[in-house]
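One letter stands for each residue in the lines below.
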Amino acid sequence: MRNALLCLALTALPASAQERVLSPERASGYDGILTQCVTFTRAQFANDMCAPLATSVAGMAAQAGLKHRHLGLIEWGFGTDQYAPTPDGLAFIAPLNLTFYIRATTDPDSGAVWASLYREVPEGRLVIWEDWGIGAGEQSVIRDGLSTGLARKLEPVFKALEEAN
């Protein structure tokens, strides 16, 4: 009964859209983007999303006048659970981090990618922008659809970074 009341209460609340917009004012002061993929799966079709996402970001970063460095794909949930280290001697003064968190299942095939753009602050991380995508069906359709879809969602983000630059 309690669950039914909670469900009823949640459906009675007014729906509000969450904005996923980065304004040029909030995008100013950054000179580069560090990307990495964090995977929670060993499903190859899902992990294959990392390379095209990094390639898309590299092109958008160059167009926005930002440096870009891709730190690669790391696994979580299989022992280490640590972000890729930032290389020594990196020529970025004020970088943003863009991490793609990848999850997937097989049988049935499905995948999800959450993208988080943030900057490091003394207290931890300040999220500037985030979005996600989810898909199910044929592995190649999931892989291509999610990597292309998230790249499209990042276009206005990089436009704001370009305008702020």
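Note that the structure is a prediction, hence the values are computed from the model and not measured.

### Digging into the sheet that holds strand 5 (residues 124–136)
Point 1. An order of 2-1-3-4-5 is seen for the five strands of this open sheet, with the pairing classed as mixed. Each end of this open sheet is capped by a strand with a single partner; those strands are strand 2 (67–75) and strand 5. Each adjacent strand pair in this sheet contributes to an overall mean axis angle of 15 degrees, direction not counted.
Point 2. Pairing geometry for strand 4 (residues 110–121) and strand 5, over twelve bridges, is antiparallel. In the strand pairing of strand 5, serine 110 is matched with alanine 136.
Point 3. The sheet contacts of helix 3 (residues 50–63) involve strand 1 (32–39), strand 2, strand 3 (95–105) and strand 4, and relative to strand 2 the element is tilted by about 165 degrees.

### Things to note about the nonpolar core
Point 1. The biggest cluster of nonpolar side chains holds 35 residues, and the ones touching the most others in it are Ile33, Phe100, Leu117, Leu154, Phe158 and Leu161.
Point 2. Of the residues forming this core, the biggest block, nine residues, is contributed by helix 4 (residues 139–164).
Point 3. Within the second largest apolar cluster, six residues are counted, among which are Val38, Leu71, Trp76 and Tyr101.

### Focus: the environment of proline 156
Point 1. With respect to the helices, strands and loops of the structure, proline 156 is situated in helix 4.
Point 2. By relative accessible area, proline 156 is classed as exposed at 51%.
Point 3. Taking the C-alpha atoms as reference points, proline 156 and leucine 22, separated by 134 residues in sequence, lie 7.7 Å from one another.

Rules used throughout
Residues numbered from 1 in each chain as written. Predicted model: local features only at pLDDT ≥ 70, side-chain atom pairs only at ≥ 80, totals over all residues. Heavy atoms only, no water. Pairing = 2+ DSSP bridges. Helix = DSSP H or I, 4+ residues; strand = E, 2+ residues; numbered from the N terminus. Axes fitted to C-alpha atoms, helices over the stretch in contact; angles between N-to-C directions. Contact = heavy atoms within 4.5 Å. Core = buried A, V, L, I, M, F, W, Y, C linked by side-chain atoms within 4.5 Å. Buried < 20%, exposed > 50% of the residue type's maximum accessible area, 1.4 Å probe, protein only.

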